[in-house]
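Chain and residue survey
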Amino acid sequence: MLARSIGRLRPNVVRSTCQRALAAQPQSRKISTLNKLEPKDVEHFATILPKTSILSTLPPIHGSADDLDPFNSDWMGKYVGQSQCVLKPRTAEEVSKIMKWCWERRIPVVPQGGNTGLVGGSVPIGSEVILNLSNMNKIRSFDPVSGILVCDAGCILESLSEYLVPHKHIMPLDLGAKGSCQIGGNISTNAGGLRLLRYGSLHGTVLGLEVVLPDGRIMDQLTTLRKDNTGYDLKQLFIGAEGTLGVVTAVSILTPSAPLAQQAIFLALPSFATLPKVYRAAKKHLSEIISAFEYFDRQSYNLVSGHTGAKALEDSEIGDSQAFVLIETSGGDASHDEAKVNNLLEELYEGADGEESLINSGTLSQSPAQFASLWAFREGIAEAAGKSGKVYKYDISVPVSEFVNTTNRVRERVGHKVKEVVGYGHVGDGNLHINVIADAYTKEIEELLEPFIYEHVASHRGSISAEHGIGKMKPQHLHYSKDAVSIDLMKKIKHLFDERGIMNPGKVVPV
């Protein structure tokens, strides 16, 4: 089985001139209004940061371009920038000094966390300065009474989870990339993840932020209180803004108490048609202890099994099952939770109101190791897809009843041009992930997929980005989810905070 924590591995990046030209092309008009980095800028940064915290091909650093490659490319190798300088500040004050200089000089800046994003939001379009926050990794405080954690934006999500273990608390979000992603990036993309069903989104759990604005001013809204009704809730503007309004440097977040009992239930369903009934039954029987309800299709199961050699169930138990479900329960009394689970399984196997069984088979974790191995199967889909080829990733919100129809329509559209199309997602919040696996990224495949998928989403009043963000990939498609008035207001907010357009230019808001 795969390990539960799946970090995202960046491929070795070969600096291809044509690939970089393609990456820089869409927003070149916007970038051209800003100034390019010069040696005098790097010299000034060296008065703010030690030289060990600066990577640059320009004097006085004279570094190798190879050193910048991991920062210039996303982990999929799909988006590639041309930055000549990576800065790694350690404090908000250092970020402030850097931003003040860049504001005065009109130098574009890309804030970057763990660089695990999927829409190109954390890599340059052109030669912007990369502001990497990995050195800002200190935990400032934790209150065991309230469960409120205050930490720097560069803290890795998994490290925060490990810090909370002896305090008997957990982070309110959980992602497959937990071993690499940083909490500041999670907030800047409003990451959803596997626990949203139970603990809600970051718009609810984030209590306060420290943000360095484009002109270098520091906005200190790092409150550790749950209630504050003193006017506009400004922090909400930065949650999901993808670094286009400012740099998140610290966060105050509410962490829930760790559950005393957890179980994972892996179910094989005869078809997708029974999934809505299984979900309704799970909500009825598990109610307050259900913490995740994940779906993936047969193609996803086969992909992970073929990649890892692992099997969640025996082949004879799976049979011709076409859909799979992973349910997580988190409660405070193991015997109470087990009784609820048993009642659920009884209804699923025996059916209700004279119906046939809703599932073909299933398994229930009996130990922490089994719990982790079942979750590893679900979390292994993205990695297995990446190992199989170049992946076009679509993160959309549609009604749960449309999950399989949406995936099948994509298969019909591009199946003859690609290796595989898999569908999986979070049933509890209507978030479907479609991964289209091809031999290479090509214009032909992209044009078959876009705007086809977005038009389908719009027909159901869904979202073209459920949790991954807009980044570089989707600004031109934003109108499929936002009306003209909304987009106009977004542009005005962007201009209010960043009238010079230096913050992550070309991302989120259409030019």
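Throughout this description, residue numbers start from 1 for each chain and increase along the sequence as written. Thresholds applied to this predicted model are a pLDDT of at least 70 for local features of residues and 80 or more for the giving and counting of side-chain atom pairs; totals over whole chains, interfaces and linings are not thresholded and use all residues. Each side-chain value is derived from all of the structure's non-hydrogen atoms; neither hydrogens nor water enter the calculation.

The numbering of helices and of strands both runs from the N terminus, where a helix is a DSSP run of H or I of at least 4 residues and a strand a run of E of at least 2. The helix and strand inventory of the protein stands at 19 helices and 16 strands. The quantity called the radius of gyration is restricted to C-alpha atoms. Its globule counterpart is 2.2 Å times the number of residues to the power 0.38. In terms of C-alpha radius of gyration, the protein reaches 23 Å, essentially the compact-globule figure of 24 Å for 511 residues. Dimensions of the protein, computed from C-alpha atoms along their principal axes, come out at roughly 75 × 55 × 45 Å. Three exposure classes are used, based on accessible area relative to the maximum for each residue type with a 1.4 Å probe and protein chains only: buried under 20%, partly exposed in between, and exposed over 50%. Of all 511 residues assigned to the protein, the portion counted as buried reaches 55%. Looking at the protein alone, contacts between residues at least 24 apart form 75% of all its contacts between residues at least 6 apart. In this analysis, two residues are considered to be in contact whenever any of their non-hydrogen atoms come within 4.5 Å of each other.

Before going further, it helps to examine the pattern of salt bridges. Counted as salt bridges are all cases of a side-chain nitrogen of Lys or Arg within 4 Å of a carboxyl oxygen of Asp or Glu. Considering all chains together, one arrives at 18 salt bridges under this definition. Here Lys-178 ties to Asp-174 by a salt bridge, and the two come within 3.2 Å at their closest N and O atoms. With relative accessibility at 5%, the residue Asp-174 sits in the buried group. A single network of salt bridges, built from pairs that share partners, joins Glu-38, Asp-41 and Arg-105.

What follows concerns helix 3 (residues 39-48). Every buried residue of helix 3 is accounted for by Asp-41, Val-42, Phe-45 and Ile-48. On an axial view of helix 3, the arc spanned by its buried residues comes to 105 degrees, and they lie on one face. Next to the buried residues of helix 3 lie strand 1 (54-56), strand 2 (85-87), helix 5 (92-105) and strand 4 (129-132). This arc corresponds to the set of directions leading from the helix axis out to the C-beta atoms.

This part takes up the sheet that holds strand 4. Strands were regarded as paired on the criterion that DSSP finds at least two bridges between them. One open sheet holds the four strands; their spatial order is 1-2-4-3, and the pairing between them is mixed. Two strands lie at the open edges of the sheet, namely strand 1 and strand 3 (109-112), each paired on one side alone. Across this sheet, the average inter-strand angle for adjacent strands is 20 degrees, counted without regard to direction. Bridge analysis of strand 2 against strand 4 gives two bridges, and the strand direction is parallel. Directly across from Leu-87, in strand 4, lies its bridge partner Leu-131. Interaxial angles span 0 to 180 degrees and are taken between N-to-C directions of axes, which are lines fitted to C-alpha atoms, for helices over the stretch in contact. Where helix 3 meets the sheet, its contacts fall on strand 1, strand 2 and strand 4, and the angle it forms with strand 1 comes to roughly 165 degrees.

What follows is about the nonpolar core. The definition of a nonpolar core used throughout is a set of buried Ala, Val, Leu, Ile, Met, Phe, Trp, Tyr and Cys residues joined through side-chain atoms within 4.5 Å. Leu-267, Phe-293, Ile-327, Leu-348, Val-436, Leu-449 and Ile-453 are the most contacted members of the largest nonpolar core, which totals 56 residues. With six residues, the single largest contributor to this core is helix 11 (residues 275-286). Judged by nonpolar contacts, the second largest core, of 55 residues, contains Cys-85, Val-109, Met-136 and Val-211.

Moving on: unusual backbone geometry. For the peptide bond that leads from Pro-59 to Pro-60, omega is 10 degrees, which places it in the cis range. The residue after Glu-450, namely Pro-451, is reached through a cis peptide bond having omega 10 degrees. Examined against the element boundaries, Pro-451 turns out to sit in the loop between helix 17 (443-449) and helix 18 (452-459). Phi at Glu-242 is positive, roughly 55 degrees, even though this residue is not glycine.

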